[in-house]
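Observations on the three-dimensional arrangement
Residue-level listing of the chains:
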Amino acid sequence: MLKSVLLFLHLAGVIVWVGGMFFAYFCLRPAAVRTLEPPQRLPLWVASFETFLRYTAIAVVVIVASGFAMFLPVGFALAPPGWHVMLLAGLAMAAIFGHVNFALYPRLRRHSEAARWPEAAAALNAIRQFVAVNLVLAVVAVGAAALAR
């Protein structure tokens, strides 16, 4: 029963995080670029990230905690190779999230609030690049998990 609850929490966190990144990258970003100028687009991103990053921080903690809770009883030596790949990809994703949340997002917010649009756009572009990396890592992690059986 505990294993099922942990797996549910793990997958729910992944859905929130990866689904949110997919939506932001492939849906919101192109629509915002097509319809809004930087003075409107950049504050939209600040407001969106404020909420998304808060939920994602919770999801990251849940994913890491549930992942380790499922991994440790099996042990590193007995875990399938795919679990090791998933662990490495997930920890890299969490580190990238930390950088976005604690370094890049505050920069975006600060420059946007000061109407320094080129600097805000540069911060948003850096976030976009890290989100792209995290989406690739998510595919690797999910592929490793699915093939680990």
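Note: the structure precedes this text.
This write-up is about the structure you can find in this document.

Reading the values: rules and limits
- Residue numbers run consecutively from 1 along every chain, following the written order of its sequence.
- Confidence filtering applies because this is a predicted model: local features only for residues at pLDDT of at least 70, side-chain atom pairs given and counted only at 80 or more, and all residues used for totals across whole chains, interfaces and linings.
- Side-chain metrics in this entry use all non-hydrogen atoms of the structure; hydrogen atoms and water are not considered.
- A run of DSSP states H or I qualifies as a helix once it reaches four residues; a run of E qualifies as a strand once it reaches two. Both are numbered from the N-terminal end.
- Classification of residues uses two cut-offs on accessible area relative to the type maximum, computed with a 1.4 Å probe and protein chains only: under 20% is buried, over 50% is exposed, and between them is partly exposed.
- Accessible surface area values rest on a Shrake-Rupley calculation with a 1.4 Å probe, where residue burial reflects the displayed protein chains alone.
- Only four residue types enter the charge count, namely Lys and Arg as positive and Asp and Glu as negative; His and the chain termini do not.
- Taken as the charge centre is NZ of Lys, CZ of Arg, CG of Asp or CD of Glu, depending on the residue.
- Like charges within 9 Å and nonpolar side chains (Val, Leu, Ile, Met, Phe, Trp, Tyr) within 5 Å are joined into patches, using only residues over 30% in relative accessible area that form no salt bridge.
- Definition used for salt bridges: Asp or Glu carboxyl oxygen within 4 Å of a side-chain nitrogen of Lys or Arg.
- Contact definition: two residues touch when any of their heavy atoms are within 4.5 Å.
- Note on definitions: angles span 0 to 180 degrees between N-to-C directions of axes, and those axes are lines fitted to C-alpha atoms, for helices only across the stretch in contact.
- If an angle is under 35 degrees, it is roughly parallel; if it is over 145, roughly antiparallel; if it lies from 65 to 115, roughly perpendicular; otherwise it is oblique.
- Each helix crossing is assigned a hand: it is left-handed if the near helix lies turned anticlockwise from the far helix by less than a right angle, otherwise right-handed if that turn is clockwise.
- For this classification, the nonpolar set comprises Ala, Val, Leu, Ile, Met, Phe, Trp, Tyr, Cys and Pro, the charged set comprises Asp, Glu, Lys and Arg, and every other residue, Gly included, is treated as polar.
- Ring pairs shown here join Phe, Tyr and Trp side chains whose ring centres sit within 6.5 Å, with only the six-membered ring taken for Trp; geometry is labelled stacked below 30 degrees between planes, edge-to-face above 60, and tilted in between.
- Whether a charge lies above a ring is judged from NZ of Lys or CZ of Arg, which has to be within 6 Å of the ring centre and within 35 degrees of the ring normal.

Points about the overall build of the protein
- Per the secondary structure count, the protein includes four helices and zero strands.
- Reading the secondary structure of the protein in the N-to-C direction produces α-α-α-α.
- With respect to the three principal axes, the spread of C-alpha positions in the protein is 55 × 25 × 20 Å.
- Taken over 149 residues, the protein has a buried fraction of 36%.
- Accessible area for the protein stands at about 8600 Å²; split by element, carbon and sulfur atoms hold 74% of it.
- Once the 11 positive and 4 negative side-chain charges of the protein are each reduced to a mean point, those two points are 13 Å apart.

Brief notes about a positive patch on the surface
- Together, R107, R109, R110 and R116 make up a positively charged patch on the protein surface.
- Mapped onto the fold, R110 is located in helix 3 (residues 81-113).

With respect to the side chain of T56
- Counting through the fold element by element, T56 comes out in helix 2 (residues 38-74).
- Looking at T56, the relative accessible area reads 0%, which means it is buried.
- Those residues within four positions of T56 in sequence are excluded, and the remaining contacts are W17 and F97.

Let's talk about the packing of helix 1 (residues 2-35) against helix 2
- Packing of helix 1 against helix 2 leaves a shortest axis separation of 8 Å and a crossing angle of 160°. Between helix 1 and helix 2, the angle is such that the two are roughly antiparallel. Pair helix 1 / helix 2 crosses with left-handed handedness.
- For the contact of helix 1 with helix 2, the class distribution of residues is 20 nonpolar, seven polar and three charged.

Overview of the packing of aromatic side chains
- The tally for this structure, following the rule as stated, stands at seven aromatic pairs.
- A ring pair is formed by F22 and F26, whose centres lie 4.8 Å apart and whose planes are at 40°; its orientation type is tilted. Of the two residues, F22 and F26 are both situated in helix 1; the distance of four residues between them amounts to about one turn of the helix.
- A residue is classified by how much of its surface remains accessible, and F22, at 45% relative accessible area, is partly exposed.
- Taken together, a centroid distance of 5.8 Å and an interplanar angle of 55° make the contact between F71 and W83 tilted. Here W83 lies in helix 3 and F71 lies in helix 2, a separation of twelve residues in the sequence.
- By relative accessible area, which is 23% here, W83 ends up partly exposed.
- Taken together through their ring pairs, the aromatic side chains of F22, Y25 and F26 make up a single cluster.
- Taking NZ or CZ as reference, R29 lies 5.7 Å from the ring centre of Y25, over its face.

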